[in-house]
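What follows is each chain in one-letter form.
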Amino acid sequence: MLDIEYRRKYKLDRPYAQSRRDVYDFSEYLNSLVREVKLAGISIHLRETEISEDSEEKNDVIINGRTVAEILDGLKLIIPATKDCSTCGGVCGTGSCGTGEREDLDWNHAIIEDIPDIILKNAISKALADSHKE
């Protein structure tokens, strides 16, 4: 069983320009991700908890009682270089060589809403694997 909690204020902790998504879009993304995980036959529950706007606590995602940062601590994420780069014509692995687009693992750690899909899915996978060890 995976228990995911999105602890959030009504706004981002940093300016929107530093994030892939705002709070509303991230909530929608999490709900979609949870549906996807359920379709794979995995028991998962998502709840959203509102944090007071004047709280010092930052927006965060907690999976089975651990923050995403705690789950990912010590993990080395590597994306195989399989995408053909439309800019350089090679297999540089980013698909955005020199175009100014963000790479797959580029993430502003101060804003949970900025987390790339691949990183959050890795955190969920690791949390699921850890839950089977217990």
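Overview of the structure. (Residues numbered from 1 in each chain as written. Predicted model: local features only at pLDDT ≥ 70, side-chain atom pairs only at ≥ 80, totals over all residues. Heavy atoms only, no water.)

**Some points on the pattern of salt bridges**
For step 1, the next point in the chain: Under the defined criterion, the tally for this structure stands at 11 salt bridges.
For step 2, the next point in the chain: A salt bridge links Lys 121 to Glu 36; its shortest N-O distance comes to 3.4 Å. Within this pair, whereas Lys 121 is found in helix H3 (residues 117-133), its partner Glu 36 is found in helix H1 (residues 23-39), the two being separated by 85 residues in sequence.
For step 3, the next point in the chain: What emerges from the salt-bridge pattern is a single network uniting Asp 3, Glu 5, Arg 7, Arg 47 and Glu 57. (Salt bridge = Lys/Arg side-chain N within 4 Å of Asp/Glu carboxyl O. Helix = DSSP H or I, 4+ residues; strand = E, 2+ residues; numbered from the N terminus.)

**Details of the sheet that holds strand S3 (residues 60-63)**
For step 1, the next point in the chain: Read across the sheet, 4 strands follow the order S2-S1-S3-S4 without closing on themselves; strand pairing throughout is mixed. A strand with exactly one partner marks an edge of an open sheet, and here the two such strands are strand S2 (44-50) and strand S4 (66-67).
For step 2, the next point in the chain: Across 7 bridges, the pairing between strand S1 (residues 2-8) and S2 is parallel. Its bridge partner being in S2, Arg 7 is matched across the sheet by Thr 49.
For step 3, the next point in the chain: Each of S1, S2 and S3 touches H1; the most contacted strand, S2, lies at about 165° to it. (Pairing = 2+ DSSP bridges. Contact = heavy atoms within 4.5 Å. Axes fitted to C-alpha atoms, helices over the stretch in contact; angles between N-to-C directions.)

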